[in-house]
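Report on the structure
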Amino acid sequence: MAFNRTDKTRLRVAQSRFAACKLGLLSFVVAVVATCATLSFAASAASAASAADVLPRESRVPGGVALVAVAPANEAKPAVTRDGANVWTVKRGASWVAVVGLPLSTAPGEHSVSVSRSGGTGTNGATQSVSFTVQNKRYPVQHVTLKDNAMVEPPPEVIARIESESVHIKTVRSQWRESDATSAAFGLPAVGRLSGRFGGSRVLNGKPRAPHAGLDVAVGTGTPVLAPSDGVVLDVGDYYFCGKTMFIDHGNGLISLFCHLSEHTAKVGDSVHKGQAVARSGATGRASGPHLHWSVYLNGVSVEPELFVNIKK
Ligand SMILES: [Zn+2]
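Procedures and definitions
Residues numbered from 1 in each chain as written. Predicted model: local features only at pLDDT ≥ 70, side-chain atom pairs only at ≥ 80, totals over all residues. Helix = DSSP H or I, 4+ residues; strand = E, 2+ residues; numbered from the N terminus. Buried ≥ 20, exposed ≤ 12 C-beta atoms within 10 Å, placed from the backbone. Contact = placed C-beta atoms within 7 Å. Pairing = 2+ DSSP bridges. Core = buried A, V, L, I, M, F, W, Y, C linked by C-beta atoms within 7 Å. Axes fitted to C-alpha atoms, helices over the stretch in contact; angles between N-to-C directions.

Structural notes on the overall build of the chain
Along its length, the chain carries 3 helices and 20 strands. Out of the 313 residues belonging to the chain, those deemed buried represent 39%. Long-range contacts, defined as pairs at least 24 residues apart, comprise 69% of the intrachain contacts of the chain with a sequence gap of at least 6.

As for the environment of serine 129
Looking at the element boundaries, serine 129 is found in strand S7 (residues 127–134). We classify serine 129 as exposed; it has 9 C-beta atoms within 10 Å. C-alpha separation for the pair serine 129 and histidine 111, spaced 18 residues apart in sequence, amounts to 9.4 Å.

Looking at the pairing of strand S12 (residues 215–218)
Side chains of S12 alternate between two faces, with Leu215 and Val217 and Asp216 and Ala218 buried alike. In this structure, strand S9 (residues 193–196) lies alongside S12, joined through 3 bridges in antiparallel fashion. Residue glycine 196 lies in a different strand from S12, and its bridge partner there is aspartate 216. Judged from the 3 bridges that link them, S12 and strand S19 (residues 292–298) form a sheet pairing that is antiparallel. By the bridge assignment for S19, leucine 215 is matched with tryptophan 294.

Here's the deal with the pairing of strand S16 (residues 255–264)
The buried count for S16 comes to 8 of 10 residues, which makes it a mostly enclosed element. In this structure, the hairpin formed by strand S15 (residues 243–249) and S16 is closed by a connection of 5 residues, where glycine 251 is found at a positive phi of approximately 95°. Where S16 meets S19, 5 bridges bridge the pair, whose relative direction is antiparallel. Its bridge partner lying in S19, phenylalanine 258 is registered against tryptophan 294. Pairing between S16 and strand S18 (residues 277–281): 3 bridges, direction antiparallel. Bridging across to S18, glutamate 263 finds its partner in arginine 280.

Considerations on the nonpolar core
The biggest cluster of nonpolar side chains holds 54 residues, and the ones touching the most others in it are Val70 and Val99. The leading source of residues in this core is strand S1 (residues 65–72), at 7 residues. With sequence-adjacent residues up to four places away left out, valine 70 is seen in contact with Pro78, Val80, Thr89, Trp96, Val97, Ala98, Val113, Val115 and Val130.

Describing the sheet that holds strand S4 (residues 88–92)
Neighbouring strands of a sheet are bound in pairs by backbone hydrogen bonds; such pairs are parallel or else antiparallel. One open sheet holds the 3 strands; their spatial order is S1-S5-S4, and the pairing between them is antiparallel. Both outer strands of the open sheet, S1 and S4, are each paired with one neighbouring strand and no more. Taking each pair of neighbouring strands and ignoring which way they run, the sheet shows an average axis angle of 30°.

Brief notes about the sheet that holds strand S2 (residues 79–82)
In space, the 4 strands of this open sheet follow the order S3-S2-S6-S7, with antiparallel pairing throughout. Whereas interior strands pair on both sides, the edge strands pair on one side only; in this sheet they are strand S3 (85–86) and S7.

Things to note about the environment of threonine 127
Turning to its location among the elements, threonine 127 is positioned in strand S7. Using a count of 13 C-beta atoms within 10 Å as the deciding quantity, one classes threonine 127 as partly exposed. Separated by 11 residues in sequence, threonine 127 and serine 116 have C-alpha atoms that sit 4.3 Å apart. Not counting residues up to four positions away in its chain, the partners in contact with threonine 127 are Ser114, Val115 and Ser116.

Overview of unusual backbone geometry
The backbone phi angle of aspartate 83 is positive, close to 50°, even though this residue is not glycine. With respect to the secondary-structure elements, aspartate 83 resides in the loop between S2 and S3. On the basis of neighbour counts, which here come to 12 C-beta atoms within 10 Å, the residue aspartate 83 falls in the exposed class.

Notes on the environment of phenylalanine 247
Inspection of the secondary structure puts phenylalanine 247 in strand S15. Note on phenylalanine 247: 22 C-beta atoms within 10 Å, which makes it buried. Separated by 78 residues in sequence, phenylalanine 247 and isoleucine 169 have C-alpha atoms that sit 9.3 Å apart.

Here is the structure:
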């Protein structure tokens, strides 16, 4: 999984992140203007964010995040769901905005969230559908070589374990904890070469596998892993593919997952702060070498972690 990067390409990534940031802000403002048709509202929306509700950059693509205005801010907070999962909803200027995680499997085209409004003129508490458009995105193919073929084609005796862990992990990543303190202004949980990017379709030892639903940072075994944002340790375990694992719940369905750890240093139920060491990296589970795998979930689906880093408060 060699993605050697020179300083020059680092710079290009930094520049493109900046461009993406500008694009995300622009599309948000355009969406807001389209909804409310007032420039003054767009200005107030941009200045209304507090540290606690910093949002990810918008990217309406499979594996991205859509920021969807769902109701006027002078109404009570609406209940928003997508595919039955609660969606993080925050007040931004003159609107309630849903922060919608889009699965990598999302087909390009029109999609929607369900919005239950209470008290709005003519809404009568009814559930409405608010639609938005998802663009296509092609992610690169990543070829990975693993020495242990049992991690590519698991032997029959571990299938039951894998299935039960899969059910457990799905339950954990779909947890919902209402919070007034959720911030998407994440710090990288470890600093190193980004050795595996999010979304790439994976070919493991020549066999096609599910896309890479996280970001890999190449760091040696024992490197401290830092909480990307404030939260509560939700789950720790030792799973077949993920190895030693930790989930951190940042509130409102925003959840971080770390895989391939060598050690957990925080325990379930601990409140952790942004930048606090919570674990140490390693190479447990399905790993081609020591690195940190970091996934970010919103409304139960894995989204691009890089949309959450380098966001100004
Ligand atoms: Zn990974």
